[in-house]
Amino acid sequence: MTFKKTIEDSNALWYAAGGVNKKSESGMEAFYFNKNTNRVTIYNVTKYYKSYSAAKSANALNKEGTVRYTFKTDANNQTVIKFAGKLSDIPMTQTMTFKDTTTGTNNATKIGLSGYKVVRDVDYDKTNAVFVQADN
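Residues numbered from 1 in each chain as written. Predicted model: local features only at pLDDT ≥ 70, side-chain atom pairs only at ≥ 80, totals over all residues. Heavy atoms only, no water.

**Q** Give me the lowdown on the pattern of salt bridges, citing residues and values where you can.
**A** Between side chains of opposite charge, a pair can form as their charged atoms come close. Summed over the entire model, instances satisfying the criterion amount to three salt bridges. In this structure, the salt-bridge partner of Glu29 is Arg120, at a minimum N-O distance of 2.5 Å. Of the two residues, Glu29 sits in strand β2 (residues 28-34) while Arg120 sits in strand β7 (residues 112-122), which places them 91 residues apart along the sequence. Overall, the relative accessible area of 14% leaves Glu29 in the buried class. (Salt bridge = Lys/Arg side-chain N within 4 Å of Asp/Glu carboxyl O. Helix = DSSP H or I, 4+ residues; strand = E, 2+ residues; numbered from the N terminus. Buried < 20%, exposed > 50% of the residue type's maximum accessible area, 1.4 Å probe, protein only.)

Here it is as structure tokens:
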């Protein structure tokens with residue numbers, strides 16, 4: 001299964017974070033993909049949730065914006081998602097380059113997570129991160 005199909009067909013929140021158990025004072029980003037429009041809504045959340053509906057029920061989805069996304073393969077044959085649009089009315093371009101798969105359990109929520117190790121590039125600032133979803 002391709003990265004694109006896995007992500008778009010999951011109907012889940014995908015989280016971009018420093019790691020499965022990394023803590024952040026400002027929260028983390030959660031991505032909700034709409035493959036019919038090639039747009040993704042990006043939220044700021046303070047923790048991992050088992051599902052989109054659980055996060056919504058907890059009133060935990062702080063919307064940052066909705067942007068366009070495209071999948072491509074780079075010169076090294078690695079899958080890359082490019083995000084472009086406005087977050088909080090500020091123009092943003094970001095890429096995520098997929099590396100390896102990863103799994104783990106978040107200590108605070110006890111939620112099992114699986115997904116990918118990625119390199120995030122935001123305004124030419126590259127950081128290692130995970131891009132994960134809650135296990136079903």
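**Q** Can you break down the packing of aromatic side chains residue by residue, with the values?
**A** Under the counting rule described, the total for this entry stands at 16 aromatic pairs. Where Phe3 meets Tyr116, the ring centres are 4.8 Å apart and the plane angle is 70°; that geometry is what we call edge-to-face. Taken as a pair, Phe3 in helix α1 (residues 3-8) and Tyr116 in strand β7 lie far apart in primary sequence, 113 residues in all. The exposure class of Phe3 is partly exposed, given its relative accessible area of 24%. Assessed through its relative accessible area of 9%, Tyr116 is described here as buried. With a centroid separation of 5.9 Å and an interplanar angle of 85°, the aromatic rings of Tyr69 and Phe71 are classed as edge-to-face. No difference in accessibility class separates Tyr69 from Phe71, as the two residues are buried. (Phe/Tyr/Trp six-rings, centres within 6.5 Å; stacked < 30°, edge-to-face > 60°.)

**Q** Now, about the pairing of strand β8 (residues 125-134): what can you tell me, with residues and values included?
**A** Alignment of strand β1 (residues 14-17) against β8, held across three bridges, turns out to be antiparallel. Bridged to Ala17 within β8 is Val130. Bridge analysis of β7 against β8 gives 10 bridges, and the strand direction is antiparallel. When the bridges of β8 are listed, Lys117 appears paired with Val130. Between β7 and β8, which pair antiparallel in sequence order, lie two residues; one of them, Asp123, sits at a positive phi of approximately 50°. (Pairing = 2+ DSSP bridges.)

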